[in-house]
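Results of the structural survey
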Amino acid sequence: MTFHIPVMVQQVLENLITRKMGIYVDCTVGGGGHAAKIIEKIYPEGCLIGIDQDIEALEFARDKLRDYQDRIVLVKANFVDLEMILLYLGITRISGIFFDLGISSHQVDTATRGFSFSRDSLLDMRMDLSSELNAYYIVNHYPERELAELFSKYGEERFSNSLAKLITQERKKKPIETTEQLAKLISGFYARHKKGKWRIQPATKVFQALRIEVNRELSVLTETMLQAIKLTKTNGRIGVLSYHSLEDRIVKNIFREWEKTETINKYGYGLKRLFKKPIYPAEEEVRQNPRARSAKMRFAEKIELKEVSENERDSFIRGK
Ligand SMILES: C[S@@+](CC[C@H](N)C(=O)[O-])C[C@H]1O[C@@H](n2cnc3c(N)ncnc32)[C@H](O)[C@@H]1O
């Protein structure tokens, strides 16, 4: 079974791994595609911590990576707990950290997970099956104003107000329970109100917004990036593969902020971007794996003016 085809593997390896004898973190281990290549390259000197909040992904990855199990620790968690996870493992500094954001092909293709408008299922969209909030709750319980805000902010949906109104009217008649019900409602709206053809499936933006809200994708990314900057060693690397502009904007802005002289002087450490512009997959890769088409990757290297004390670093993370 193909769980997920990893994107830009060669570029990840070239930019992430600076030394074999290091501790690397894959924050989004998924089906273990990138993780397998990383551990292959650093084994047996180095070791890899793999994190994923999806238990199905971790089980698959555990099997795939079994030949390297003496140098791998897999953790079922949200990567926002990075610092705590490393603390628990007795690790204070890492050589490199990598994020391959969003969802895996397995998650999209598994109808019951409710991520895709092309597969009918209950509205779910949780990456972490043990978390409480799901898309059904949001669609059927959030007030109209909050829905509109969500569609606009996380989906960049032009018709956010009208769609929020339509959903709240519809749910008064009967609950909106499935991906197909929601997708049809949105397509119907587009068909009535927009002339001509649309480039993407009309429900794409609303589905993106719901997924981001269910999994708190943007806030956990921001928080974790700051932890990653703190925990990475001098000359260690931070790499992020993103698939939509909202995620990429966060990464771009954080990298830029931490490259500023005043930020580096203030905290004693910061970043240097390896490339000013993001790296994109080659045409051939996109031809072979169409899901790579929206991928963008950014990498930065940690720089330090001096060794700052742990207390100073902690007070920065806590914002004191
Ligand atoms: C694009 S897939 C990664 C695929 C992986 N690189 C591979 O080669 O198989 C993203 C994975 O990250 C996980 N994920 C996304 N956000 C997460 C978070 N905040 N904490 C932990 N895991 C997360 C998802 O559950 C999914 O399995």
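Sequence order sets the numbering: in each chain, residues are counted from 1 along the sequence as written. Restriction of local features to residues with pLDDT of at least 70 applies here, the model being predicted, together with a cutoff of 80 or more for giving and counting side-chain atom pairs; totals for whole chains, interfaces and linings are based on all residues.

Describing helix 3 (residues 55-64)
Listed in full, the buried residues belonging to helix 3 are Ala 57, Leu 58, Phe 60 and Ala 61. Buried residues of helix 3, viewed axially, fall in a sector of 165°; they line one side. Opposite its buried face, helix 3 presents the exposed residues Ile 55 and Asp 63, each directed more than 90 degrees away. Buried residues along helix 3 sit against helix 2 (33-42), strand 2 (47-52), strand 3 (72-76) and helix 5 (105-109). Using C-beta atoms placed from the backbone, we call a residue buried if 20 or more other C-beta atoms fall within 10 Å of its own, exposed if 12 or fewer do, and partly exposed for counts in between. Secondary structure is summarised from DSSP: a helix means a run of H or I of at least four residues, a strand means a run of E of at least two, and numbering begins at the N terminus for each. Arc definition: directions from the helix axis to the C-beta atoms. The contact rule is simple: place each C-beta atom from the backbone, and if two of them lie within 7 Å, those residues are in contact.

Side note on helix 1 (residues 9-16)
Residues Val 12, Asn 15 and Leu 16 constitute the buried set of helix 1. One side of helix 1 holds all its buried residues, which, seen down the axis, span an arc of 90°. Every exposed residue of helix 1 that faces more than 90 degrees away from the buried side is listed here: Gln 10 and Glu 14.

A few points about the packing of helix 8 (residues 160-173) against helix 9 (residues 179-193)
Two numbers describe a pair of packed helices, the interaxial angle and the distance between the axes. Remark: helix 8 packs on helix 9, axes separated minimally by 11 Å, with the N-to-C direction vectors making an angle of 130°. It follows from the interaxial angle that helix 8 and helix 9 lie oblique. Here helix 8 and helix 9 pass one another in a crossing that is right-handed. Residues Ser 162, Leu 163, Leu 166, Ile 167 and Glu 170 of helix 8 lie in contact with helix 9, whose contacting residues are Leu 185, Ile 186 and Phe 189. The classification used treats Ala, Val, Leu, Ile, Met, Phe, Trp, Tyr, Cys and Pro as nonpolar, Asp, Glu, Lys and Arg as charged, and all other residues, Gly among them, as polar. Its residues assigned to classes, the contact of helix 8 with helix 9 comprises six nonpolar, one polar and one charged. Only C-alpha atoms enter the line fits that serve as axes; for helices the fit covers just the stretch in contact. Angles between N-to-C directions range over 0 to 180 degrees. Any angle that is under 35 degrees is reported as roughly parallel, and any over 145 degrees as roughly antiparallel; angles of 65 to 115 degrees are reported as roughly perpendicular and all others as oblique. The sense of a crossing depends on the near helix, which, turned anticlockwise from the far helix by less than a right angle, makes the crossing left-handed and, turned clockwise, makes it right-handed.

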